[in-house]
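The primary structure of each chain is shown beneath.
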Amino acid sequence: MQEAKTIYVTGGAQGIGLGIAHHLLIAGHRVVITDIDEEALSAAKARLPYSEYLLALVADAGNEQQVSKSITQAVSHFGQLDGLVHNAGIADPFHGPMENLELAAWQAYLNTNLTGAFLCAKYAAKHLRKQQGSMVLMASSRAFQSEPDTEAYAASKGGIVALTHALAISLGPDIRVNAISPGWIEVGDWQKPARQQPVEHRSIDREQHPAGRVGTPNDIASLTHYLLSKEASFITGQNFVVDGGMTRKMIYAE
Ligand code: NAD
């Protein structure tokens, strides 16, 4: 059993972030989840185990004051900070035709997905340094390949991959920084009740993955847990694609 750590997870009330919080709590860690959706935070608190090791805070990952305040609250509540997971994101990659994309919408993607990572890193660094801690930033396989009408999302995730190696160089050897690029992760059953959807995949969906299935939040959570652990102490500045092999498969139209 690893030593118990305190891990701060943005966007932790639903989806992959909720899966990460669940996995870390089961593994015996203390977890701070932040989110902008208060209803989802209440549902997450009711769903997650070991409530005495959980702190749930309303905070917008793209808002400097809220990030700074929530990190301070996390440290005063649990006494230390060992890990940061910037997972919050505008997760829908599709924004419509680029010629119609409003600057404000472009900036909204960049603000939550990328600037949020910078803000969390900036305010968590001094606490993580004391603990020889680690960061995991959530990118996407869309940092490396695209469908039409996804420029803002793709750019925000490409930025995460670059920010990861920049931070790893600036903050090492005290703090390690890595990115995970999920492929298709099914989060339908990891939503607040009002957003839950029945999960059904077609055989064509499964078959486009060499692993034979669509991903789950636990696929991302288990790697996150490993990267935050001492076992990963020689790994920094890297990006890990976790997509069941989907982006390695060549597809020609029939
Ligand atoms: P989700 O929508 O299920 O959950 C995202 C959570 O983040 C929500 O609870 C939402 O309220 C919260 N959030 C949104 N903006 C926020 C902000 N500014 N501050 C704090 N919280 C905020 O999404 P998901 O599918 O679990 O995605 C999580 C992360 O993984 C995102 O960064 C997404 O881009 C990335 N990702 C997801 C997939 C996938 O297939 N699900 C694939 C690649 C990458």
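Located above this text is the structure these notes cover.
Model, not experiment: these values are computed from the prediction.

Before going further, it helps to examine the overall build of the chain. Secondary structure assignment for the chain yields seven helices and seven strands. The helix and strand sequence of the chain, counted from the amino end, reads β-α-β-α-β-α-β-α-β-α-β-α-α-β. Here the C-alpha radius of gyration of the chain, 17 Å, is about what a compact globule of 254 residues would show, namely 18 Å. Taking the principal axes of its C-alpha atoms as reference, the chain extends roughly 60 × 35 × 35 Å.

Mapped onto the elements of the fold, Ser-181 is located in strand E6 (residues 176-182). The contacts of Ser-181, once residues within four sequence positions are left out, are Ala-139, Ser-140, Ser-141, Phe-144, Asn-239, Phe-240, Val-241 and Val-242.

Another aspect to go through is a nonpolar patch on the surface. A grouping of Ile-26, Tyr-50 and Tyr-53 is seen on the molecular surface, where their side chains present a nonpolar patch of about 310 Å² in accessible area. As for its position among the elements, Tyr-50 is in the loop between helix H2 (38-47) and strand E3 (54-58).

In this section: the site of the ligand. In the vicinity of the ligand there are 27 residues, among which Ile-16, Asp-35, Asn-87, Tyr-153 and Gln-191 approach most closely. At 2.8 Å, a backbone N or O of Asn-87 approaches an oxygen atom of the ligand. Here an oxygen atom of the ligand sits 2.9 Å away from a polar atom, N or O, in the side chain of Arg-195. For the ligand, the accessible surface in isolation is 830 Å², of which the surrounding protein chains cover 91%. Counting residues per element, the ones that place at least two in the shell around the ligand are helix H1 (15-26) and helix H5 (151-171).

A separate point is helix H7 (residues 217-228). When the terminal C-alpha atoms of H7 are compared, their 16 Å separation across twelve residues agrees well with the 16 Å that a helix rising 1.5 Å per residue should span. Within H7, the full set of buried residues consists of Pro-217, Ile-220, Ala-221, Leu-223, Thr-224, His-225, Leu-227 and Leu-228. Looking at the buried side of H7, the elements it contacts are strand E1 (6-10), H1, strand E4 (83-86), strand E5 (134-138), E6 and strand E7 (239-242).

With that settled, consider the side chain of His-209. Checked against the element boundaries, His-209 lands in the loop between helix H6 (203-207) and H7. Apart from the residues within four sequence positions on either side, His-209 is in contact with Trp-184, Val-214, Asp-243, Gly-244 and Met-246.

This part is about the pairing of E4. Looking along a regular strand, one sees the side chains alternate between the two faces of the sheet. Of the two faces of E4, the one lined by Gly-83 and Val-85 and the one lined by Leu-84 and His-86 are each fully buried. One ladder, built from three bridges, connects E1 with E4; its direction is parallel. Considered in E4, the bridge of Ile-7 is made with Gly-83. Pairing of E4 with E5 involves four bridges; the strand directions are parallel. Bridged to Gly-83 within E5 is Ser-134. The parallel pair E4 and E5 is bridged by helix H4 (residues 103-131), and the resulting crossover is right-handed.

What counts and what doesn't
Residues numbered from 1 in each chain as written. Predicted model: local features only at pLDDT ≥ 70, side-chain atom pairs only at ≥ 80, totals over all residues. Heavy atoms only, no water. Helix = DSSP H or I, 4+ residues; strand = E, 2+ residues; numbered from the N terminus. Rg over C-alpha atoms; globule rule 2.2 N^0.38 Å. Contact = heavy atoms within 4.5 Å. Patch = residues over 30% accessible without salt bridge, like charges linked within 9 Å, V, L, I, M, F, W, Y side chains within 5 Å. Areas by Shrake-Rupley, 256 points an atom, 1.4 Å probe, with all protein chains shown as cover. Salt bridge = Lys/Arg side-chain N within 4 Å of Asp/Glu carboxyl O. Near = heavy atom within 4 Å. Polar contact = N/O pair within 3.5 Å; in protein donor to acceptor, adjacent residues only side chain to side chain. Expected span 1.5 Å × (residues − 1). Buried < 20%, exposed > 50% of the residue type's maximum accessible area, 1.4 Å probe, protein only. Pairing = 2+ DSSP bridges. Right-handed = clockwise from strand over helix to strand, strands pointing away.

So yeah, pure geometry; function would need other evidence.
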